[in-house]
Structures are given as C-alpha cells and as structure tokens.
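Observations on chain architecture
Listed below are the residues making up each chain.
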Amino acid sequence: MAWRPHLDLIDGELSNRVPGKVTGWMRFFRSGEQPLRVVFDLEGDFHEDIRGSDIVLKNEAPTDRNISLARDGTYMDGFDPVQRGTVGDMTAGLPLGTWTEELAERLKAQLEVAWQENGITSTELEERRRAVATDYAAKITAGELYYPYVQYPYLEWYSDNGRVVLELDPSHITVIRPEIPPTKKSPQELARDRKDRAKSFGNFMTGMVQDLSEDNRREGGDGNVTGIVIG
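This report concerns the structure included in the present document. (Residues numbered from 1 in each chain as written. Predicted model: local features only at pLDDT ≥ 70, side-chain atom pairs only at ≥ 80, totals over all residues. Heavy atoms only, no water.)

Describing the pattern of salt bridges
Counting across every chain of the model gives 18 salt bridges. Across the pair Glu 167 and Arg 4 runs a salt bridge whose closest N-O atoms are separated by 3.0 Å. Of this pair, Glu 167 sits in strand E7 (residues 162-167) while Arg 4 sits in the segment before strand E1 (9-15), and the two are 163 residues apart along the sequence. For the salt bridge of Asp 11 with Arg 27, the shortest nitrogen-to-oxygen distance reads 3.0 Å. (Salt bridge = Lys/Arg side-chain N within 4 Å of Asp/Glu carboxyl O. Helix = DSSP H or I, 4+ residues; strand = E, 2+ residues; numbered from the N terminus.)

Printed below as a string of structure tokens:
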C-alpha cells in the first residue's frame, strides 16, 4: 500500500529547476510529537504543467491521519526524514490549454515511440492509431482542456518507504515559474519519462508482492501470494 500523508502535510517546497532532479523539503504533523521535517533528493521531472518550476505547499489545517483511521500513535511513524528515490507523477493539476491539432500530433508521436518499443505492428498498430485519432478529434471538437495528468495537485514519488502519494487541494499549492521557461521535451523524451514512471511503479509492486510472500512464509504458508492490491 502507498503512504498517503496528505492530511499530515504542514508545508514545504519542491524545486525542479535542475533538469532531472526534484529537491526540497516538507514538514508533517505528528500527534504528540514535534513535526517531522523531510528533505528530498529525487531523480526525475515534474509533469509539463510545472516542469522547471518551484512549488510551495501550505496546509492551514494539518492533522494526523491516524485519527481518521482510528489508530494509536502517529501515521508518520517510520517515515524516512531523507526521501531519496525517483519521481512518479507530479503535477499541479493545471491545463496546458485546449486540445489542438498540434497537441494531438505531439501526443501521437509519443504513442508511436511506445508502440514501437513494445513491438506493436500490423493490424493492431493500425487499430490503435484509428482509435486514438477518433478520440483526439472528439476532444478537439469539444474544445476540451488538456491536462498532462489529473486536474488537481498530485505528488507521487518512490523511495525506501515505497510509494508515497499526496493528493491536495488547489489552495494548498503555489507555483513559482522560472523567468525563462524550460525547453520543450521531444516526443522521445516524454515517452521515456512515461516509461520510467511505469518502471518505478512496477518495481514498487514487485517489492510489495515479495514482502507479502515473505510474510506468508513466516506464517507457515507456501509463499504464493495472488490477488489485486489497491492503493
């Protein structure tokens, strides 16, 4: 399961001014203890709505998530004060504008890179191209807004604590943009970012299944663990 300390968040700052790096700090509320200050050293980038920017986080009413979970102690018990690892999906939930033909072509180019890497060819490739073209054309016609991930602030990363997710209210985040916007990434670079995020999630799931398998063996089982994990 993922850590979800959004209720515990007090404040913080994250920076993606250095390409391929996210650094900064956050403070988290702990019942009966001083706030936990955490520093970040992550590999990767924010999504395109805030890539190259700094973000400032502020929660006016932090609390300990264990209260809502009806648990004793603090939810942040065991959380590493140094978070080293990789960036997952990090977005402020801001649109990049409405769907356009130019945007659709850029996104198609990213998909073509992924399809080629996955060895998709022939009939299946043409079917996917048609389905995507139809979907994108409908969005353009409807004048929909394009969001690079979700429509609200979402901060995800992977560290020694596993997967950590903060789902926040827009009022909790302020974006400070650089004077010179970062250079647009190529379709290949964006496709590689997506692949890296998928790899991080896959590694997290593999590690979680291995841990569950070891727990099963300690309890006298055969170590075989199957099922669906949500979180």
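Back to the text.
Topic: the nonpolar core
Core analysis: the biggest nonpolar cluster contains 26 residues, and Leu 14, Met 26, Phe 79, Met 90, Leu 155 and Trp 157 have the highest contact counts within it. Those elements giving two or more residues to this core turn out to be E1, strand E2 (21-28), strand E3 (36-43), strand E4 (54-58), strand E5 (82-91), strand E6 (154-159) and E7. Among all residues touching Leu 155, those that are not within four sequence positions of it are Leu 14, Met 26, Ile 55, Leu 57, Asp 89, Met 90, Thr 91, Val 164, Val 165, Leu 166 and Leu 168. With eleven residues, the next largest nonpolar core counts Trp 99, Trp 115, Leu 125 and Val 132 among its residues. (Core = buried A, V, L, I, M, F, W, Y, C linked by side-chain atoms within 4.5 Å. Buried < 20%, exposed > 50% of the residue type's maximum accessible area, 1.4 Å probe, protein only. Contact = heavy atoms within 4.5 Å.)

A closer look at helix H3 (residues 122-142)
With 21 residues, H3 should reach 30 Å at 1.5 Å per residue; the first-to-last C-alpha distance of 31 Å fits that figure. Along its buried surface, H3 packs onto helix H2 (101-117). One or two residues past the end of H3 sits Gly 143, with phi positive at roughly 65°. (Expected span 1.5 Å × (residues − 1).)

Here we look at the environment of Ile 140
Mapped onto the elements of the fold, Ile 140 is located in helix H3. In this structure, the C-alpha to C-alpha distance between Ile 140 and Thr 100, residues 40 residues apart in sequence, is 5.7 Å. With residues near it in sequence (within four places) discarded, Ile 140 still touches Trp 99, Thr 100, Glu 101 and Ala 104.

Details of the packing of H2 against H3
Relative orientation of the contacting elements H2 and H3 amounts to 155°, with a least axis distance of 11 Å. Between H2 and H3, the interaxial angle falls into the category roughly antiparallel. The interaxial crossing formed by H2 with H3 has right-handed handedness. Between H2, through Glu 101, Ala 104, Leu 107, Lys 108, Leu 111, Glu 112 and Trp 115, and H3, the contact on the second element is made entirely by Leu 125, Arg 128, Arg 129, Val 132, Ala 133, Tyr 136 and Ile 140. When its residues are assigned to classes, the contact of H2 with H3 shows nine nonpolar, no polar and five charged. (Axes fitted to C-alpha atoms, helices over the stretch in contact; angles between N-to-C directions. Parallel < 35°, antiparallel > 145°, perpendicular 65-115°, else oblique. Left-handed = near helix turned anticlockwise from the far one by under 90°. Nonpolar A, V, L, I, M, F, W, Y, C, P; charged D, E, K, R; others polar.)

Regarding the packing of aromatic side chains
The description of two aromatic rings rests on the distance between their centres and on the angle between their planes. Inspection of the entire model under this criterion finds ten aromatic pairs. Look at Phe 40 and Trp 157: their rings are 4.9 Å apart centre to centre, the planes differ by 85°, and that puts the pair in the edge-to-face class. Placement of the pair is Phe 40 in strand E3 and Trp 157 in strand E6, with a sequence separation of 117 residues. Trp 157 shares its class with Phe 40; the two are buried. Plain terms: the ring middles of Tyr 158 and Phe 204 are 6.2 Å apart, the flat faces sit at 55° to each other, and that makes the pair tilted. Residue Tyr 158 is located in strand E6, and its partner Phe 204 is located in helix H4 (residues 187-218); the two are separated by 46 residues in the primary sequence. There is no split in this pair, since Tyr 158 and Phe 204 are both buried. Through a chain of ring-to-ring contacts, three or more aromatic side chains come together here, namely Trp 3, Phe 28, Tyr 75 and Phe 79. (Phe/Tyr/Trp six-rings, centres within 6.5 Å; stacked < 30°, edge-to-face > 60°.)

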